[in-house]
Each structure stands twice: as C-alpha cells, then as structure tokens.
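This is what each chain is made of:
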Amino acid sequence: MGYPHPSHPKETPVLSKHFGDAGARSFDGWVQRGGYAALRKALGMTPEAVIEEVKASGLRGRGGAGFPTGLKWSFMPKGDGKPHYLVCNADESEPGTFKDREIMRWTPHQLIEGCAIAAHAIGAERCYIYIRGEFTEPLRVMTAAVAEAYAKGALGADVFGSGKRIDIVLHRGAGAYICGEETAMMNSIEGRRGNPRIKPPFPAQAGLFALPTTINNVETLASVPHILNRGGEWYKGLCLSNPKSTGTKLISVCGHVQRPGNYEVTMGTPMTDLIFDMCGGMLPGRTLKAVIPGGSSVPIMTAAEVDGCLLDYEGVVARGSMLGSAGMIVMDDSTDMVYQIWRLARFYAHESCAQCTQCREGTAWTTKILERILAGQGKEKDIQLLLDLSENMTGKTICVLSDSCAAPIVSGIQKFRPEFDAYLSGARQPALAMA
Amino acid sequence: MAALLRETGCKELGATSPDGRFTVAEVECLGACGFATPIMINDDFIESVTPERVPGILQGYK
C-alpha cells in the first residue's frame, strides 16, 4: 500500500500488505498473517529446488542492478566444505529511496524469513544484515524481531527442528553512502575502511572474510517467502508488459506530488498512473518537469519521456534512464534544474571514498564548476568541461559512484541546456553567492 | 533550519548553544525523502518537521 496513505486500487500489495499494521511486527502476529510457512516449506526442500523455484519466478535484484536472484544464488560453489555467508544489504542510502526502511519497520519477520530461506538455499549458516546507522527505529524493531525469532526456534542451531543452523547478525553501519556498495559493505563488516574492492574475484568466489558470499537487497529477500508460498509461476504472472521483469516493485515517490510515499505496483505499470493517480498528481497549479526514476544515480527524464514509460527494468531503459532502486524524485515547473544537479553533485563529492582519482577529483571539480555557474561566474567552456569530466568519470573506476555523479550531469545538460545557458549569459539571476 | 538555530540558541551550523545542550548540523541524507523534512536528535527520528513544530519538539530535550 502507498504507506503512509491507504492502498490505491492500482497497487498490488504483496510486500507492503502489512505496512502500518503494528500487529505484524511480532513473531505470533506474523505467523497469524501466514508467516514462516514458507521457511518451513523451504527447509523440507533441497537447496537446489529452492533456487529453481526462485529462478522460475523471474525475481531480479531490487537494489538497483536488477540481476536475476536465482542465478546469483546458483553461482555459490557447492560441496566446497567452506563456510558460506549471506549478506543482506539494508544500507538503503540512495537519495530518493525509502522502501527498505518500511519493510524493516513494519514487517521485520518478512525479512528474517527471506534471509533464512536464502541462507538455506546458498548453504550459509550465517547471515549479516547491514543496517544503515541513521535507521534507529528499523534497528530497534529488527533487534527485537531477531531475538524473538531465536526464542521461537526460527533461527539458531536447529531451525524448526530441521537440524539446520541459521544465525542472523545485525550490523549497524556508520553513515557512509559508499557502504551500500556490496564490496565496500563486506570491508565494513570485516572492520576495514569501507572502500569498494576490485572485481574479480566476485563475492560468490571470495567475498566476506574471503569466503563465498551472496549479497541481496532487503526487498529482494522479503519477496522470497511469497515466492515459496505461492510458487514461482504465480510471481512470474505478476507482470503487465514484458516477461523479463516480473513481480511487484515498491516505488518510493518523493518531491512535488500530492501524496509522497511507498507504492507497490506490478512490473509494467505506466509511470503516469503512479504519478497522476496513485500519488494524486502534481501540487496545485504546477506541471511536471522532470523525474529521476531510480534514485539519484540515474539519468534524468523529461516530462515527455515519462509519458508512455512503463515501470519495469526494460521499460525505463527504453526511455533513456534506469529503474535502479526505484526511488522516484518528481520535480515540477518551479524546479531549477542547474541547482538540483549541483545539489546531487555535492552529495557525491561528500560521499566519494576518494580511492579512485577520477571520482575523488571529478565529483569535487564538477561540484565547483556547477557552483560557479549558479553564482553567475560560469564561462561558456564550462559546459564542455563538465561533459569531458563526466566522460572521464564513467566506466573508469572501481565502483559506480562516479558514474552516478556523471549521469545526472550529462543528462541534465542534454535535456535542460537552456537553463545552464541562462545562468551563463546572465539572463538568470545568480542562485548562489560565491564563497 | 533557521527555526532550529533560533530555538536552540546556536549561532550557526556546527556551533554549540551557550547552554552547551545543542549543536545543529546539516547532514546529507536520513533516508526519509517521503517525509520531508526529517531531523534526528540523538537517536530519535522525527519526520515532517515544520518551523512551527520546532519549539514543541525541542521542549522535550531541554
């Protein structure tokens, strides 16, 4: 449901069915709502059968990359005699995204159950849930839920009498955006500085503590119990347009809409349905100008591109952007695009781990150039300089943080060039004073 | 922001109030874009803050 708003008829609440229902937070409350049946069922299946069911569902990673989950699990080595690890990425930090927070706040056992099933499937006895440091309430709820799950036998040395050991460790982050990148997260859990690692080796070969590891997003893991309960075929059927994107997706909408919130839609729902029906449209008297559909790291879409765009992995790519983590930032005609792009660049400059030169220098330099354009001190050649820098920031670093900074800059210049020119020519009053 | 500075008595961002109880800082992201403006006081998370709500919120921390 469109938490904190009532469910809209165009939504498909699966994950979000119990958002706002405090009774679903306890172990017994979750069992009354059908919880833990999927874990019991999974424990009676072989790990291979669980992976096959997830493969059949077409579930893809909900953290941003959209990699098929069942395939990712199948990369874990079998019979190697080494400990395996599952890491749940709950370091939700992508600007515009606030869905995992609600999953943990309202349905902690949904996530615990998903983690336990995934751990069984990949042969892991231990799962780390890495929660971002600012999520104090989700951490409190999760801590209580994990303790209860141990007390009720859903976790521990002998899960539901199956003889399987599954432990969950909650690890609290310290507030760095970069620790949401999976290899930086593994370093952080190991107690090292949160710098991304070069791949290969991929986590499935040598991940956490150099042992085989699978990293999944909160929303991905929370979807798994539903797939086990109702079958991969059912999940695959939740699809309106193309069979490569299946299931439901929680979309966090923020910005200039009447009802910001989390909306759960079937893959393939038109983006205009979401913005104009479910979210109640734009604020009074305003018109849609631009949307950043997948969290701040993806190219900006114009209103014309939004029209006719379908919300699934391929549909958003066809309109020149990416679904990413589906944190949708909606901007109306009052928005100063140059200012917004500067604000994003400043975020990336602050959050760069400074390991790679292109990112460390590029995020800071582009921020300074945008700042002087906004202060009325930009030069005509600054536009080309921004594009050149962005080119050097794309595809040339260990992780994609610098690509993420470049994407809104390049698309912003391509699509909203007159706004840059207005600052350069002096037609528009400076929005910032130079420090 | 102005309301927070005024009500705590802090002169500017990063400075501590004369009574030593408050320091106001701006942070990049608290992960709650749908419930703007969010603020965090110690470990407490408060959403949809408006300037009018600030005096009441701070009352609990004085």
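About the criteria used
Residues numbered from 1 in each chain as written. Chains lettered and ligands numbered in written order. Predicted model: local features only at pLDDT ≥ 70, side-chain atom pairs only at ≥ 80, totals over all residues. Heavy atoms only, no water. Buried < 20%, exposed > 50% of the residue type's maximum accessible area, 1.4 Å probe, protein only. Helix = DSSP H or I, 4+ residues; strand = E, 2+ residues; numbered from the N terminus. Pairing = 2+ DSSP bridges. Contact = heavy atoms within 4.5 Å. Buried area = accessible area lost by both parts, 1.4 Å probe. Salt bridge = Lys/Arg side-chain N within 4 Å of Asp/Glu carboxyl O. Axes fitted to C-alpha atoms, helices over the stretch in contact; angles between N-to-C directions. Phe/Tyr/Trp six-rings, centres within 6.5 Å; stacked < 30°, edge-to-face > 60°. Lys NZ or Arg CZ within 6 Å of the ring centre and 35° of its normal. Arc of directions from axis to C-beta. Core = buried A, V, L, I, M, F, W, Y, C linked by side-chain atoms within 4.5 Å. Polar contact = N/O pair within 3.5 Å; in protein donor to acceptor, adjacent residues only side chain to side chain.

(A) Structural view of the pairing of strand β8 (residues 288-292) of chain A. Residue and element names in this part refer to chain A. The buried fraction of β8 amounts to 5 of the 5 residues, a majority that puts the element mostly inside the structure. Looking at chain direction, β8 and strand β9 (residues 301-302) are connected through 2 bridges and run antiparallel. Each bridged residue has a counterpart across the sheet, and for V291 the counterpart in β9 is M301.

(B) Inspection of the interface of chain B and chain A at higher detail. In this complex, chain B contributes 13 residues to the contact, which on the side of chain A involves 23 residues. Buried surface at the junction of chain B and chain A, summed over both partners, amounts to about 1400 Å²; 53% is from carbon and sulfur atoms. It is E28, C33 and F35 of chain B in chain B that bury the most area against chain A; as a group they hold 40% of the surface buried on that side. At the junction of chain B with chain A, the criterion picks out 4 salt bridges.

(C) Geometry of the sheet that holds strand β3 (residues 167-172) of chain A. All names here are of chain A. Taken in spatial order, the 4 strands line up as β3-β2-β1-β4 in an open sheet, and their pairing is parallel. Two strands lie at the open edges of the sheet, namely β3 and β4 (213-217), each paired on one side alone. Strand after strand, the sheet turns through a mean of 20 degrees between neighbouring axes, direction not considered. Bridge count for strand β1 (residues 84-90) against β4 is 5 bridges, and the pairing is parallel. Its bridge partner being in β4, C88 is matched across the sheet by N216.

(D) Molecular detail of the sheet that holds strand β6 (residues 261-266) of chain A. Reading across from one edge, β6-β5-β11-β8-β9 (chain A) is the order of the 5 strands in this open sheet, with mixed pairing throughout. Across the chains shown, the open sheet's two edge strands, defined by having one partner strand only, are β6 and β9 of chain A.

(E) Up close: the environment of A354 of chain A. All names here are of chain A. Structurally, A354 can be placed in the loop between α14 (337-351) and α15 (357-374). Residue A354 is classed as partly exposed on the basis of its relative accessible area of 32%. A C-alpha to C-alpha distance of 8.6 Å links A354 and N195, two positions 159 residues apart in sequence.

(F) Representation of the packing of aromatic side chains within the structure. The full count for this structure, using the stated rule, is 12 aromatic pairs over all chains. Aromatic pair F98 of chain A and F35 of chain B: ring centres 5.6 Å apart, planes at 70 degrees, arrangement edge-to-face. With F98 of chain A in the loop between β1 and α5 (100-106) and F35 of chain B in the loop between α1 (2-8) and β1 (39-41), this residue pair bridges two chains. A connected cluster of aromatic rings, assembled from ring pairs, spans F27, Y36 and F160 of chain A. Note that R40 of chain A overlies the ring of F160 of chain A, its terminal NZ or CZ placed 3.8 Å from the centroid. The lysine or arginine in question, R132 of chain A, covers the ring of F135 of chain A, its NZ or CZ lying 5.3 Å from the ring centre.

(G) Seen up close, the environment of L221 of chain A. Residue and element names in this part refer to chain A. With respect to the secondary-structure elements, L221 resides in helix α9 (residues 218-230). Here L221 falls in the buried class, since its relative accessible area comes to 0%. A C-alpha to C-alpha distance of 8.5 Å links L221 and I112, two positions 109 residues apart in sequence. Apart from the residues within four sequence positions on either side, L221 is in contact with W73, C88, L111, G114, C115, A118 and N216.

(H) Region of interest: helix α3 (residues 47-57) of chain A. Residues and elements named next belong to chain A. Residues of α3 that are buried: V50, I51, V54 and S57. Looking down the long axis of α3, one finds its buried residues gathered within 120 degrees of arc, a one-sided arrangement. In this structure, the buried side of α3 is in contact with α2 (37-43), α4 (69-74), α6 (108-122), α9 and α10 (232-237). G58 sits one or two residues past α3 and shows a positive phi near 80 degrees.

(I) Here's a closer look at the nonpolar core. Residues and elements named next belong to chain A. Core analysis: the largest hydrophobic core is formed by 58 residues, its most contacted members being Y36, W73, L111, I112, C115 and I129. Per-element tally for this core: the top contributor is α6, with 9 residues. In this structure C115 touches L86, C88, C127, I129, I168 and L221, once residues within four positions along its chain are discounted. M186, V298, W342 and I413 belong to the second-largest nonpolar core, a separate cluster that totals 53 residues.

(J) The side chain of N262 of chain A, seen in detail. Residues and elements named next belong to chain A. On the secondary structure map, N262 appears in strand β6. Engagement of the side chain of N262 in a polar contact is seen with the backbone oxygen of F98, the distance being 3.1 Å. Reaching out from N262, the side chain makes a polar contact with the side chain of S252 at a distance of 2.9 Å.

The values are spatial; any link to function lies outside them.
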